[in-house]
Amino acid sequence: MFPKTRNAAVARTWDREGNGELLLWSRRRSQRREDCAAMTEIGGYLERVLSPADRERVENHVAECEACRHEMVELYQLLKAPLELAPHGLAGDIAAELVQCLNPASMARAAQGAKS
Amino acid sequence: MQSLYDFDIAPCLAGDSRAWSLFVGRFAGLVHTVALRVMRTRRKDLDRAQVRDVVRCVFLRLARKDARLLRGFDPERCSLATFLVVVARSTALDFLRYGFLNAEPLDDFDTAARCDSSGMIFEPGFPEGVLTERQHLVMLLLFAKEYEVATVAEILGITPQTVRSIKHEAVKRLRFHTRGLPAFN
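Thresholds, definitions, all that
- Residues numbered from 1 in each chain as written.
- Chains lettered and ligands numbered in written order.
- Predicted model: local features only at pLDDT ≥ 70, side-chain atom pairs only at ≥ 80, totals over all residues.
- Helix = DSSP H or I, 4+ residues; strand = E, 2+ residues; numbered from the N terminus.
- Core = buried A, V, L, I, M, F, W, Y, C linked by C-beta atoms within 7 Å.
- Buried ≥ 20, exposed ≤ 12 C-beta atoms within 10 Å, placed from the backbone.
- Contact = placed C-beta atoms within 7 Å.
- Axes fitted to C-alpha atoms, helices over the stretch in contact; angles between N-to-C directions.
- Parallel < 35°, antiparallel > 145°, perpendicular 65-115°, else oblique.
- Left-handed = near helix turned anticlockwise from the far one by under 90°.
- Nonpolar A, V, L, I, M, F, W, Y, C, P; charged D, E, K, R; others polar.
- Expected span 1.5 Å × (residues − 1).
- Bend = angle between axes of the 7 residues up to and from the residue.

Student: What's the story with the overall build of chain A in this structure? I'm lost.
Tutor: When helices and strands are counted, chain A shows 7 helices and 0 strands. Its helices and strands in sequence order give chain A the pattern α-α-α-α-α-α-α, from N to C terminus.

Student: Looking at this structure, I do not really get the nonpolar core. What am I missing?
Tutor: Within soluble globular proteins, side chains that are nonpolar generally end up buried alongside one another. Judged by nonpolar contacts, the single largest core of 54 residues is most densely connected at Val31(B), Ala35(B) and Leu84(B). When residues of this core are traced back to their parent elements, those giving at least two are helix 3 (39-47), helix 5 (66-80), helix 6 (90-101) and helix 7 (104-115) of chain A together with helix 1 (10-13), helix 2 (17-42), helix 3 (48-71) and helix 4 (80-98) of chain B. No other element matches helix 3 of chain B, which puts 12 residues into this core. Setting aside its immediate chain neighbours within four residues, Ala35(B) contacts Val51(B), Val54(B), Val55(B), Ala88(B) and Ala92(B). Residues Leu141(B), Tyr147(B), Val163(B) and Ala170(B) belong to the second largest nonpolar core, which totals 15 residues.

Student: Looking at this model, I keep getting lost on the packing of helix 3 of chain B against helix 4 of chain B. Mind explaining?
Tutor: Helix-helix packing is described using two parameters, namely the angle between the two axes and the distance between the axes. All names here are of chain B. At their nearest, the axes of helix 3 and helix 4 sit 9 Å apart, and the two run at 125 degrees to each other. With respect to each other, helix 3 and helix 4 are oriented oblique. Taken as a pair, helix 3 and helix 4 cross one another with a handedness that is right-handed. Along the contact surface, helix 3 presents Gln50, Val54, Cys57, Val58, Arg61 and Leu62, while helix 4 presents Val87, Ala88, Thr91, Ala92 and Phe95. Residue classes in the contact of helix 3 with helix 4 are distributed as 8 nonpolar, 2 polar and 1 charged.

Student: Whenever I open this one, helix 3 of chain B confuses me. Can you help?
Tutor: Helical geometry note: an α-helix holds 3.6 residues per turn, so side chains three or four residues apart project in the same direction. Along its 24 residues, helix 3 of chain B runs just 30 Å from first to last C-alpha, ending more than 12% under the 34 Å computed at 1.5 Å per residue. The sharpest bend along helix 3 of chain B reaches about 125 degrees and sits at Lys65(B).

Student: For this particular structure, what's the right way to read the environment of Gly99(B)?
Tutor: All names here are of chain B. If you trace the backbone, Gly99 turns up in the loop between helix 4 and helix 5 (133-144). The exposure class of Gly99 is exposed, given the 12 C-beta atoms found within 10 Å. For the pair Gly99 and Val87, spaced 12 residues apart in sequence, the C-alpha separation works out to 17 Å.

Student: For this particular structure, what's the right way to read the packing of helix 2 of chain B against helix 3 of chain B?
Tutor: Residues and elements named next belong to chain B. At a minimum axis distance of 9 Å, the contact between helix 2 and helix 3 shows a crossing angle of 130 degrees. Looking at the two axes, helix 2 sits oblique to helix 3. Note that helix 2 runs across helix 3; the crossing there is right-handed. Of the residues in helix 3, those in contact with Trp20, Val24, Ala28, Val31, His32, Ala35, Leu36 and Met39 of helix 2 are Val51, Val54, Val55, Val58, Phe59 and Ala63. Its residues assigned to classes, the contact of helix 2 with helix 3 shows 13 nonpolar, 1 polar and no charged.

Right, here's the structure in full:
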């Protein structure tokens, strides 16, 4: 049997016409499930801000999904990490750049639209 | 009790540049901390300039297209700080995985990071030395990020036709490179 090396995977992928291309990422996709919780939901679970129903859904899913358990652990570590100061001047540089890409008139319209 | 991260984003969403400056000042440390930790745990030869670029991209991602991404923040789902941590982590992972400084305000940040939880960075399955840097990036954006052709065109500042053309050339190169290799089952 031919070993499942990366080259072999590529060979199979490109031997086929058209849809074969999608096989390239099959390994990656296999780790993601349709019912996986969003990262912000996992964060909300850790912060205890989710509704009881959402909390239970996330809890049940994480109990059986290893990928989401890993995500939850990393997110927990990030949320608990001691804050490090941003390099001097970074915030000012970014703020100056952001001003260039803001369009107050269009944003005010969007904000108004979201309210109504 | 008021938290360090309590912040009213309404003026930012309305395009108030002063509010954006305050927003960046308040959260730059948090975003920088997350980007640094995510990148440091996955890459030994970490370049601090790259961390700065990722932090910059996080804020651009939040502000671009009338702050579409920040507008999608839902306080009933998580706090603003957690929302920013998730966006920062996703942006850092995009950079590590694809060499792609992602300033696109798409909401895929909330799901796309799923597979790197082990701490390992997934290496794309393209053979080395076959694709040019540009072809490689286009293929990653199309097949790994699963962006539409129009989105890739916008990200790279080129026309959709050029994206299709780059993809076509990349596919040709890969097919040529892999011809004759046996398939596996």
